[in-house]
Amino acid sequence: MSSMSLVPSRSSGSGTGGRPPHVVGVVDHFTGGTDNYAAERELAARLLSTAPWLPQAVRAHRRHTTRVVQYLATEGFTQYLDLGCGLPYADPGDEALHPYDAARSVLTGVHGAQADVRTVYVDNHGPAFGHANTMLAEERGTLAVHADVCRTAELLALPSVTAKLDLDRPVAVLAHDLLPWMGDHDAVDLLNDLRRLLPPGSALSLSHTGTDVLPGPGTEDSTRELPAIYAESGIAFHPRSAGHLRALLNRWAVQDLGVVRTELWGSGYGPFAQRAPTPGDFTGAYAAIALTANRRTP
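Residues numbered from 1 in each chain as written. Predicted model: local features only at pLDDT ≥ 70, side-chain atom pairs only at ≥ 80, totals over all residues. Heavy atoms only, no water.

Draft legend 1. Up close: the overall build of the chain. Of regular secondary structure, the chain possesses 10 helices and 8 strands. Across the chain, contacts joining residues at least 24 apart in sequence account for 74% of those joining residues at least 6 apart. Only carbon and sulfur atoms are counted for the fraction: they give 50% of the accessible area of the chain, which is about 12,000 Å². (Helix = DSSP H or I, 4+ residues; strand = E, 2+ residues; numbered from the N terminus. Contact = heavy atoms within 4.5 Å. Areas by Shrake-Rupley, 256 points an atom, 1.4 Å probe, with all protein chains shown as cover.)

Here it is as structure tokens:
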């Protein structure tokens, strides 16, 4: 997930022979998983030959997601909608937690075992949904949904979703490494639909590969080459600048410190300031939290 922005569940291309590659499988291969196919491993190899820092950036972005959800939990959010959740992952230690677990790690300290956390994981990638349904939706407060995130109204109207999330109360939406796999038209439509349909006081956590931020020294050329490598496999990849992201979020109330690099969000410079960033935190991506109008206590 990250500068290479690999975690979302969007792919429109076809590979050479057999099953076409999907970014979900590429990410899985990057982090040592086995839920991937030959075309995805071939694409991963081409990406790594140009940008060997991608696996580290994926893991750094997962830790960023954990920090974001823990911060939102401290702000009182108990309901989460994870768009483009990807395949479940298992990293050693507690640094990278899935959203439900990350929220509970905070809220159980406040409410004890009775903490009521609700999390809906959404993906349109069949294997990702299947694994999420088996591994992430095993708790009473969780649900996995196989759906297209761009059909926002239909998603939020699904009986299974309305049974899990109280849409009269604020929801925290995670759109992490999702928009880079959409053109501007689809990205604007999704953001507008979320803003229009979410309950007042809801939050949007966005992370997005940047065109003007690098994952580390000496990576400029490799970052610029990634869209062309994806395009060879029929996958449209749209990294964007910080200014472009601010324009996409212009109807949202973006919170301090605005659109910042992921390693600075959740560091000594961000809203969850507990530690200084390290070289292993760099993703080449931006992050922001924005609110709908009329913020109220979740």
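Draft legend 2. Examining the packing of helix α1 (residues 23-30) against helix α2 (residues 38-50) more closely. Where α1 meets α2, the closest approach of the two axes is 9 Å, and the angle between their N-to-C directions is 65 degrees. Put simply, α1 runs roughly perpendicular to α2. Between α1 and α2 lies a crossing whose hand is right-handed. Residues Gly25, Val26, His29 and Phe30 of α1 form the contact with α2, whose participating residues are Glu40, Arg41, Leu43, Ala44, Leu47 and Leu48. (Axes fitted to C-alpha atoms, helices over the stretch in contact; angles between N-to-C directions. Parallel < 35°, antiparallel > 145°, perpendicular 65-115°, else oblique. Left-handed = near helix turned anticlockwise from the far one by under 90°.)

Draft legend 3. Main features of the pattern of salt bridges. Tallying each qualifying case throughout the model produces 7 salt bridges. Residue Glu232 is joined to Arg46 by a salt bridge in which the shortest nitrogen-to-oxygen separation is 3.8 Å. Taken together, the residues Glu232 in helix α9 (residues 220-232) and Arg46 in helix α2 connect sequence positions 186 residues apart. Owing to a relative accessible area of 59%, Glu232 belongs among the exposed residues under this scheme. For Asp116, the salt bridge is made with Arg118, and the minimal N-O distance between the two is 2.8 Å. (Salt bridge = Lys/Arg side-chain N within 4 Å of Asp/Glu carboxyl O. Buried < 20%, exposed > 50% of the residue type's maximum accessible area, 1.4 Å probe, protein only.)

Draft legend 4. Up close: unusual backbone geometry. Unlike most non-glycine residues, Asp177 shows phi in positive territory, near 50 degrees. Along the polypeptide, Asp177 turns up in the loop between β4 (172-176) and α8 (184-197).

Draft legend 5. Representation of the packing of aromatic side chains in the model. This model, assessed by the stated rule, comprises 4 aromatic pairs. Taking 5.5 Å as the distance between ring centres and 80 degrees as the angle between the ring planes, the aromatic pair formed by Tyr71 and Trp265 counts as edge-to-face. Residue Tyr71 is located in helix α3 (residues 54-74), and its partner Trp265 is located in the loop between β7 (260-261) and β8 (285-291); the two are separated by 194 residues in the primary sequence. There is no split in this pair, since Tyr71 and Trp265 are both buried. Aromatic rings pair up to connect Trp181, Tyr230 and Phe237 into one cluster. (Phe/Tyr/Trp six-rings, centres within 6.5 Å; stacked < 30°, edge-to-face > 60°.)

Draft legend 6. Representation of the pairing of strand β1 (residues 79-83) within the structure. Counted residue by residue, β1 has 5 buried out of 5 residues, so it is predominantly covered. The alternating pattern of β1 places Gln79, Leu81 and Leu83 on one face and Tyr80 and Asp82 on the opposite face, and all of these are buried. As paired strands, β1 and strand β2 (residues 118-123) are joined by 5 bridges and run parallel to one another. Looking at the pairing, Asp82 lines up with Tyr121 of β2. Here β1 runs beside β4; their pairing, made up of 3 bridges, is parallel. (Pairing = 2+ DSSP bridges.)

Draft legend 7. Representation of the packing of α3 against helix α4 (residues 99-111). The contact between α3 and α4 brings their axes to 8 Å, and the two run at 45 degrees. As summarised for this structure, α3 and α4 are arranged oblique, according to the angle between their axes. Judged by the sense of rotation from one axis to the other, the crossing of α3 with α4 is right-handed. Counted together, Thr66, Val69, Gln70, Ala73 and Thr74 of α3 and Pro99, Ala102, Ala103, Ser105, Val106 and Leu107 of α4 form the full contact between these two elements. Here the residues of the contact of α3 with α4 sort into 7 nonpolar, 4 polar and no charged. (Nonpolar A, V, L, I, M, F, W, Y, C, P; charged D, E, K, R; others polar.)

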